[in-house]
Amino acid sequence: MKINFIGASDPGLIRFSNQDAFYTDPEGRFFIVADGMGGHAGGEEASRIATQEIQSYLGANWNSTIPSQKLLEEALLQANEAIIRDQQNHPERSDMGTTAVVVLFRENSPLCAHVGDSRLYRWRNSQLDQITEDHTWVARALKVGDISPDEARIHPFRHVLSRCLGREDLQHVDIQPLDIQQGDRLLLCSDGLTEELVDEKIAAYMQDTSMLDKASIALIEAAKEHGGHDNITVVLVAIDN
């Protein structure tokens, strides 16, 4: 399985700082996107800590006998604990937290883990599918039919997370196997992209641009053209022949 990838992040048009963070492993083993919250300094620090801790844990234990699912879960829980320690040492950042979405390629069994509303999409045969389910009140209400998709996009509580890193009550991380085929593309992104672009527009940019660098730039620029109200981060992973 040959993997090509690229990551890019932009502060958008409204915010002066970028509270998103991402990491692309040079060997293509794993990919991370995190979207911090809790004010300028807090959000930046939370996403930085999460990305750094996950990267460090996965790298240090890559060749261990720990099963991949356990390895991925422990990486995110370690990141959660690191953020909590920083909150305790810096009370001014006590409300900080971050989302995280991680894709792992290990033992020929790709996995995804996520906390919060940063998403993973898979583009295959001109179709875009959302793989992760947002940990938000609105996503839950949408799933049970209490609100419509159109209502969800403009709901005042759409950014309220039911789960994130940086909380002492976090006991569980959603982990799922990934169905991957040659020719697929994966998109990890913060909600700065999905807040501005509906899935159909994201799919169109994935379809129209064959080069990953051009696709990443096109997605970010399109989100900015539609308002760019938040930081925008994308990681694209292509499964090539």
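Please read these numbers as outputs of a predicted model, since none were measured by experiment.

**Q** Help me out: how do you make sense of the overall build of the protein in this one?
**A** Regarding its fold elements, the protein presents 7 helices and 11 strands. Its C-alpha radius of gyration of 17 Å places the protein within 12% of the 18 Å reference for a compact globule of 241 residues. Overall size of the protein, expressed as C-alpha extent along the three principal axes, is 50 × 45 × 35 Å. Residues counted as buried form 54% of the 241 residues belonging to the protein. Within the protein, contacts between residues separated by at least 24 positions form 70% of all contacts whose residues are at least 6 apart in sequence.

**Q** Teacher, can you tell me more about the pattern of salt bridges here?
**A** Counting across every chain of the model gives 14 salt bridges. In this structure, Asp25 engages Arg29 in a salt bridge whose closest nitrogen and oxygen atoms are separated by 3.0 Å. The class for Asp25 is buried, based on a relative accessible area of 3%. Several salt bridges converge on common partners, so that one network encompasses Arg122, Arg124, Asp129, Asp179 and Asp184.

**Q** Got a minute to help me understand the nonpolar core in this structure?
**A** Within soluble globular proteins, side chains that are nonpolar tend to cluster in buried spots. By size, the foremost hydrophobic cluster in this structure holds 29 residues, and its most contacted members are Ile54, Leu58, Leu72, Leu76 and Leu165. Contributing elements (two or more residues each) for this core: β3 (30-37), α1 (39-60), α2 (68-89), β5 (100-104) and β6 (111-115). In terms of residues, this core owes the most to one element, α2, which gives 8 residues. When near neighbours in sequence (up to four residues on either side) are disregarded, Leu76 contacts Ile54, Ala100, Val102, Ala113, Val115, Leu165 and Val173. Leu193, Ala203, Leu212 and Ala238 belong to the second-largest nonpolar core, a separate cluster that totals 21 residues.

**Q** When you look at the sheet that holds strand β10 (residues 185-189) in this model, what are you seeing that I'm missing?
**A** Sheet strands pair by backbone hydrogen bonding; their relative direction is either parallel or antiparallel. What the 5 strands build is an open sheet, ordered β1-β11-β10-β7-β8; its pairing is antiparallel. Each having just a single partner strand, β1 (2-10) and β8 (127-130) make up the two edges of the open sheet. Adjacent strand axes in the sheet meet at a mean angle of 20°, parallel and antiparallel pairs treated alike. As paired elements, strand β7 (residues 119-124) and β8 share 4 bridges and run antiparallel to each other. Within β8, the residue paired with Tyr121 across the bridge is Gln130. Together, β7, β8, β10 and β11 (232-240) form the strand contacts of helix α6 (residues 199-208), whose direction differs from that of β7 by roughly 55°.

**Q** Is there a simple way to think about the pairing of β6 in this case?
**A** Along any regular strand the residues' side chains alternate between the sheet's two faces. By the criterion of burial, β6 is predominantly enclosed, with 5 of the 5 residues buried. Side chains of β6 alternate between two faces, with Leu111, Ala113 and Val115 and Cys112 and His114 buried alike. Where β5 and β6 come together, 5 bridges link them in antiparallel fashion. Paired with Val101 across the bridge in β6 is His114. Relative to strand β9 (residues 174-177), β6 runs antiparallel, the two being bridged by 4 bridges.

**Q** I'm lost on the packing of α6 against helix α7 (residues 212-225) in this one. Help?
**A** Describing two packed helices takes the angle between their axes plus the distance from one axis to the other. Relative to each other, α6 and α7 sit at 150°, their axes nearing to 9 Å. The angle between α6 and α7 falls in the class roughly antiparallel. The two elements α6 and α7 cross, and the hand of that crossing is right-handed. Seen from α6, the contacting residues are Ile202, Tyr205 and Met206; seen from α7, they are Ala218, Leu219 and Ala222.

**Q** When you look at the packing of aromatic side chains in this model, what are you seeing that I'm missing?
**A** A ring pair, where both rings are aromatic, is described by two values, the distance of the centres and the angle of the planes. Tallied over the entire structure, the rule returns 4 aromatic pairs. Ring plane angle 85° and centroid distance 6.2 Å describe the contact between Phe31 and Phe105, whose orientation is recorded as edge-to-face. Residue Phe31 is located in strand β3, and its partner Phe105 is located in the loop between β5 and β6; the two are separated by 74 residues in the primary sequence. Within the aromatic cluster, the residues linked to one another by ring pairs are Phe5, Phe31 and Phe105. The residue whose ring lies beneath Arg29 is Trp62, and the NZ or CZ to ring-centre distance is 5.0 Å.

**Q** Even after reading the chapter, I still don't get α6, so can you show me in this structure?
**A** Working note: α-helix, 3.6 residues per turn, so residues spaced by three or four point in the same direction. Burial in α6 covers these residues: Ile202, Ala203 and Met206. Down the axis of α6, the smallest arc covering the buried residues is 100°, so these residues share one side. Turned more than 90 degrees off the buried face of α6, the exposed positions are Glu200 and Asp208. For α6, the secondary structure elements touched by its buried residues are β7, β8, β10, α5 (191-194), α7 and β11.

How each quantity is defined
- Residues numbered from 1 in each chain as written.
- Predicted model: local features only at pLDDT ≥ 70, side-chain atom pairs only at ≥ 80, totals over all residues.
- Heavy atoms only, no water.
- Helix = DSSP H or I, 4+ residues; strand = E, 2+ residues; numbered from the N terminus.
- Rg over C-alpha atoms; globule rule 2.2 N^0.38 Å.
- Buried < 20%, exposed > 50% of the residue type's maximum accessible area, 1.4 Å probe, protein only.
- Contact = heavy atoms within 4.5 Å.
- Salt bridge = Lys/Arg side-chain N within 4 Å of Asp/Glu carboxyl O.
- Core = buried A, V, L, I, M, F, W, Y, C linked by side-chain atoms within 4.5 Å.
- Pairing = 2+ DSSP bridges.
- Axes fitted to C-alpha atoms, helices over the stretch in contact; angles between N-to-C directions.
- Parallel < 35°, antiparallel > 145°, perpendicular 65-115°, else oblique.
- Left-handed = near helix turned anticlockwise from the far one by under 90°.
- Phe/Tyr/Trp six-rings, centres within 6.5 Å; stacked < 30°, edge-to-face > 60°.
- Lys NZ or Arg CZ within 6 Å of the ring centre and 35° of its normal.
- Arc of directions from axis to C-beta.

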